Amino acid sequence: MIPLTDNPAAIDPRHNLTPAQREALLSIGFYRQQSRTGATITVGRKRFSLSTIATLIDKELVRGRTPNLTLTTGGKVAIERLQGGTA
């Protein structure tokens, strides 16, 4: 487990996450509906590859399995920073 202050993906998500990873993180934080079809995970109306979600789990921003993906504290901090906050 990485301490929150040492997790670069949570502290500076714009530089440590790809655009697809940022979009997936924001979607998981916003939508509740999730499903898996083959190698694709649908979150709300958006589709993401399994590897994108697996990377978010490895970076400790998301936990669980589809359809129960939830944000960690680090994921919530990253979303706040992506949306322009200073958390």
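Structural data are supplied above this passage.
Now for a description of the structure that goes with this document. Computed from a prediction, not measured in an experiment: that's the story for all the values here. (Residues numbered from 1 in each chain as written. Predicted model: local features only at pLDDT ≥ 70, side-chain atom pairs only at ≥ 80, totals over all residues. Heavy atoms only, no water.)

### Comments concerning the sheet that holds strand S2 (residues 40-43)
Paired through their backbone hydrogen bonds, the strands of a sheet run either parallel or antiparallel. With antiparallel pairing, the three strands of this open sheet are ordered in space as S1-S2-S3. Edge positions in the sheet fall to strand S1 (34-37) and strand S3 (46-49), since each of these pairs with one other strand and no more. If you compare each strand with its neighbour and ignore which way they point, the axes differ by 25° on average. Bridge count between S2 and S3: four bridges; the pairing is antiparallel. Note on S3: the bridge partner recorded for Ile 41 is Phe 48. Lying on the sheet, helix H3 (residues 19-30) is in contact with S1, S2 and S3; it crosses S3 at an angle near 125°. (Pairing = 2+ DSSP bridges. Helix = DSSP H or I, 4+ residues; strand = E, 2+ residues; numbered from the N terminus. Axes fitted to C-alpha atoms, helices over the stretch in contact; angles between N-to-C directions. Contact = heavy atoms within 4.5 Å.)

### Section: the pairing of S2
Summarising the sheet, S1 and S2 pair through four bridges and their orientation is antiparallel. Of the residues in S2, the one forming a bridge with Gln 34 is Val 43. In sequence, S1 turns back onto S2 through a hairpin of two residues, with Gly 38 there showing a positive phi of about 60°. What sits between the antiparallel neighbours S2 and S3 is a turn of two residues, in which Gly 44 has the positive phi angle 65°.

Distances and angles like these do not, on their own, reveal function.
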